[in-house]
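Listed here are the chains, written in short residue letters.
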Amino acid sequence: MSDAPSGVRVRLWDGPVRLVHWSLVGLTGFSWWASEDHLDWHQWSGYAVVALVLFRIYWGFAGSGAARFSSFVRGPGTTLAYLKTVSSRVPSTTPGHNPLGALSIVAILLVLLVQVGTGLFAVDIDAYQGGPLSDRVSFDLGRQIAEIHELSFRALQALVVLHVGAVLFYLVWKRTDLIRPMITGQRLLPSDPGLGRAPWWRLALGVAVAGAIAWALSKGLRF
Ligand code: HEM
């Protein structure tokens, strides 16, 4: 299946966007698996998710063309107008996330923030293990936060099902393969949207800051 019959091959998704995406896919599954009997690994996976999500939010402001929130987050009017056209069988040629996809992506990033944020303070039922900041809250509050941690994972699961369902809908119904561009970075579009590229130092700065914050949180902000 192709995304457009002819056009220009565009470098749509930069390396950081793709690396963050597929790392989040892997770590979401891994964290779920490790939440049963491997809480140490679960926590380390969580710190990696903290770094990835913080980096992705930063990259949404400082990254290259299609990675920027300003290039895909749209108001209710544009989103509703897009919703009315979504069932048509015409292949999608949006140079990046469409307005509906943008909503789900922002929702996933926010729920991931809640997920890792609550994990930092959550404590398990017998107070044997807890997040690195769990000693800053009472046991009861730590338990309530742990419940929110579980609830937000349900919300994340629902969003991911919706997200993958939407990607498959585009593949089957609209004959638009969004998956390959998220792997290769390249997409065939009717014309070159002229997406800018971010300089390497912005990438280095984002990696350093996001990594440092995740590391500091893993130490319970004690140095
Ligand atoms: C195997 C399962 C998955 C597939 C096939 C998949 C596929 C995709 C595709 C094709 C896009 C780009 C959509 C577009 O062109 O507008 C995308 C974006 C995105 N997906 Fe997934 N996804 C999967 C699982 C997940 C999971 C588990 C998460 C997070 C927990 C996630 C989070 C995101 C985010 C945050 C974006 C936006 C990328 C960015 O702009 O940085 N995805 N996904």
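Residues numbered from 1 in each chain as written. Predicted model: local features only at pLDDT ≥ 70, side-chain atom pairs only at ≥ 80, totals over all residues.

A. Structural detail: the overall build of the protein. Tallying secondary structure elements over the protein gives 8 helices and 2 strands in all. Along the protein, helices (α) and strands (β) appear in the sequence β-α-α-α-α-α-α-α-β-α when read from the amino end. Taking all contacts inside the protein whose residues are at least 6 apart in sequence as the whole, residues at least 24 apart take part in 72%. (Helix = DSSP H or I, 4+ residues; strand = E, 2+ residues; numbered from the N terminus. Contact = placed C-beta atoms within 7 Å.)

B. Structural view of helix α6 (residues 139-172). When the terminal C-alpha atoms of α6 are compared, their 49 Å separation across 34 residues agrees well with the 50 Å that a helix rising 1.5 Å per residue should span. Restricting attention to buried positions, one finds in α6 the residues Gly 142, Ile 145, Ala 146, His 149, Ser 152, Leu 156 and Tyr 170. (Expected span 1.5 Å × (residues − 1). Buried ≥ 20, exposed ≤ 12 C-beta atoms within 10 Å, placed from the backbone.)

C. A look at the packing of helix α4 (residues 76-85) against helix α5 (residues 99-121). Look at α4 against α5: their axes get within 8 Å of each other, and the N-to-C directions meet at 120°. Between α4 and α5, the crossing angle belongs to the class labelled oblique. For the pair α4 and α5, the contacting residues are Thr 78, Thr 79, Tyr 82 and Leu 83 in the first and Pro 99, Leu 100 and Leu 103 in the second. A class-by-class count of the residues in the contact of α4 with α5 yields 5 nonpolar, 2 polar and no charged. (Axes fitted to C-alpha atoms, helices over the stretch in contact; angles between N-to-C directions. Parallel < 35°, antiparallel > 145°, perpendicular 65-115°, else oblique. Nonpolar A, V, L, I, M, F, W, Y, C, P; charged D, E, K, R; others polar.)

D. Region of interest: the site of the ligand. Close to the ligand lie 19 residues; His 97, Gly 101, Ile 105, Leu 178 and Met 182 are nearest. At the level of secondary structure, the elements contributing two or more residues to the shell around the ligand comprise α1 (15-37), α5, α6 and α7 (179-184). For the shell around the ligand, the element with the highest residue contribution is α1, accounting for 6 residues. Of the residues belonging to the shell around the ligand, the class tally is 13 nonpolar, 5 polar and 1 charged. (Near = placed C-beta within 6 Å.)

E. Local environment of the packing of α5 against α6. At their nearest, the axes of α5 and α6 sit 8 Å apart, and the two run at 155° to each other. Of the possible angle classes, the one that applies to α5 and α6 is roughly antiparallel. The interaxial crossing formed by α5 with α6 has left-handed handedness. Each of Gly 101, Ser 104, Ala 107, Ile 108, Val 111, Leu 112, Val 114, Gln 115, Thr 118, Gly 119 and Phe 121 in α5 lies in contact with α6, whose residues at this interface are Gly 142, Ile 145, Ile 148, His 149, Ser 152, Phe 153, Ala 155, Leu 156, Leu 159, Leu 162, His 163 and Ala 166. (Left-handed = near helix turned anticlockwise from the far one by under 90°.)

F. Fine view of the environment of Glu 147. Inspection of the secondary structure puts Glu 147 in helix α6. Note: C-alpha distance between Glu 147 and Thr 118 (29 residues apart in sequence) is 9.0 Å.

G. Summary view of the nonpolar core. Counting residues in hydrophobic clusters, the biggest one holds 30 residues, and the most contacted among them are Val 49, Val 50, Ala 51, Val 53 and Leu 112. Sorting elements by how many residues they give to this core places helix α2 (residues 39-62) first, with 10 residues. Residues in contact with Val 53, not counting those within four places in the same chain, are Leu 109, Leu 112, Leu 113 and Val 116. (Core = buried A, V, L, I, M, F, W, Y, C linked by C-beta atoms within 7 Å.)

H. Representation of unusual backbone geometry within the structure. The phi dihedral of Arg 175 is positive, around 50°, even though this residue is not glycine. Within the secondary structure, Arg 175 is located in the loop between α6 and α7. By C-beta crowding, Arg 175 is classed as partly exposed, having 15 other C-beta atoms within 10 Å. At Leu 221, a residue that is not glycine, the phi angle is positive and equals roughly 60°. Residue position: Leu 221 is located in the segment after α8 (200-218). Judged by the 12 C-beta atoms lying within 10 Å of it, Leu 221 falls in the exposed class.

I. Representation of the environment of Ala 51 within the structure. Mapped onto the secondary structure, Ala 51 falls in helix α2. When the 24 C-beta atoms within 10 Å are taken as the criterion, Ala 51 is described as buried. For the pair Ala 51 and Ala 67, spaced 16 residues apart in sequence, the C-alpha separation works out to 17 Å.

J. Seen up close, α1. For α1, spanning 23 residues, the distance from its first C-alpha to its last is 33 Å, which sits close to the expected 33 Å at 1.5 Å a residue. Those residues of α1 that fall on the buried side of the exposure criterion are Pro 16, Val 17 and Ser 31. Looking at the buried residues of α1, the elements they touch are α2 and α8.

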